[in-house]
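Spelled out from the first residue to the last, the chains are:
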Amino acid sequence: MDTPDETLATAAASGDRAAFATLVARHYDRIFALAWRLTGLRADAEDLAQDICAALPVKLTRWRGEARFTTWLYRVVVNAAHDQRRRRTTRVKAAEGWGDWETARQAEIAEGREAEAWLWSAMAQLSPELRDTVALVLGEEMTQAEAGLVLGVSEGTISWRMSEVKKRLRALAAREAG
């Protein structure tokens, strides 16, 4: 004679592994079929059925036996499907937000490349002395005194050259903008 589901559920809730195995074997197809109808996708239904079976030992400790076991089990499957749907919606929204962030990041990178290309083009229009000065002060992050030592000129000359570079770059930018 088959042991009633309610008796097996009570035993499984108390830690009886054989009772739990019997319940799962008896109802797995039912769990899977309902999960498939609720999700519409076989892979999602398989994942959901496995998740439910993995969580069932803990859930059984909260089963009170007020309804038939199958009624309670259907409710567990429906709730799990709802939870899965909510998680998926949250992930989609997060991914969309991430997509917006990535789009903004890529735009920022492109702007940086454009600015760098403009700077290289502008630098090519400077005299070699001014280019050397910029390369040392900005590119190599030297102090004006250090750049002066490398180029064999005074710190004041380096300061003047940097001022001249800024003035010429501003003028070039103004010409291109206007």
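Note on numbering: residues in each chain are counted from 1, in written sequence order. Reporting in this predicted model follows two pLDDT cut-offs: at least 70 for local features of residues, and 80 or more for side-chain atom pairs to be given and counted; totals over whole chains, interfaces and linings ignore these cut-offs and use all residues. Side-chain metrics rest on all non-hydrogen atoms present in the structure, leaving aside hydrogens and water.

## Description of the overall build of the chain
Link 1 in the chain: Helix numbers and strand numbers start at the N terminus; a helix is a DSSP run of H or I with at least 4 residues, a strand a run of E with at least 2. The number of helices and strands found in the chain is 7 helices and 0 strands.
Link 2 in the chain: Listed N to C, the secondary structure of the chain is α-α-α-α-α-α-α in terms of helices and strands.
Link 3 in the chain: To get the radius of gyration, use the C-alpha atoms; to get the globule rule, take the number of residues to the power 0.38 and multiply by 2.2 Å. For the chain, the C-alpha radius of gyration of 36 Å lies well beyond 16 Å, the compact-globule estimate for 178 residues.
Link 4 in the chain: Only protein chains enter the accessibility calculation, which uses a 1.4 Å probe; a residue whose area is less than 20% of its type maximum is buried, one above 50% is exposed, and one in between is partly exposed. Per-residue burial over the chain gives 27% buried out of 178 residues.
Link 5 in the chain: Should any heavy atoms of two residues lie within 4.5 Å, those residues are counted as being in contact. Pairs at least 24 residues apart make up 53% of the contacts formed inside the chain by residues separated by at least 6 positions.
Link 6 in the chain: Accessible areas in this description were obtained via Shrake-Rupley with a 1.4 Å probe; residue shielding takes into account the shown protein chains only. Carbon and sulfur atoms form 55% of the exposed surface of the chain, whose accessible area is close to 11,900 Å².

## Some details on the packing of aromatic side chains
Link 1 in the chain: What counts as a ring pair is set by centres within 6.5 Å for rings of Phe, Tyr and Trp (its six-membered ring), and what kind of pair is set by the plane angle: stacked under 30 degrees, edge-to-face over 60, tilted for all other angles. With the rule as written, the count across this model stands at 4 aromatic pairs.
Link 2 in the chain: Aromatic pair Phe-32 and Trp-36: ring centres 5.5 Å apart, planes at 55 degrees, arrangement tilted. Taken together, the positions of Phe-32 and Trp-36, both in helix α2 (residues 17–39) and 4 residues apart, correspond to about one turn of that helix.
Link 3 in the chain: Through pairs of rings, three or more aromatic residues link up here, namely Trp-63, Phe-69 and Trp-72.

## Notes on the packing of helix α6 (residues 144–151) against helix α7 (residues 155–177)
The packing of two helices is summarised by the inter-axis angle and the distance between the axes.
Link 1 in the chain: Interhelical geometry of α6 versus α7 gives an angle of 105 degrees and a closest axis separation of 8 Å. With respect to each other, α6 and α7 are oriented roughly perpendicular. Contacts between α6 and α7 involve Gln-144, Ala-145, Ala-147, Gly-148 and Leu-151 from the former and Glu-155, Ile-158, Ser-159, Arg-161 and Met-162 from the latter.
Link 2 in the chain: Gly counts as polar in this scheme, as do all residues outside two lists: the nonpolar Ala, Val, Leu, Ile, Met, Phe, Trp, Tyr, Cys and Pro, and the charged Asp, Glu, Lys and Arg. Residues of the contact of α6 with α7, tallied by class, amount to 5 nonpolar, 3 polar and 2 charged. For every element, the axis is a line fit to its C-alpha atoms; helices are fit only across the contacting stretch, and the angle between N-to-C directions ranges from 0 to 180 degrees. Here the angle decides the label: under 35 degrees means roughly parallel, over 145 means roughly antiparallel, 65 to 115 means roughly perpendicular, and every other value means oblique.

## Examining the side chain of Gln-84
Link 1 in the chain: Mapped onto the elements of the fold, Gln-84 is located in helix α4 (residues 69–124).
Link 2 in the chain: With relative accessibility at 9%, the residue Gln-84 sits in the buried group.
Link 3 in the chain: Aside from chain neighbours lying at most four places away, what touches Gln-84 is Thr-39, Asp-44 and Leu-48.

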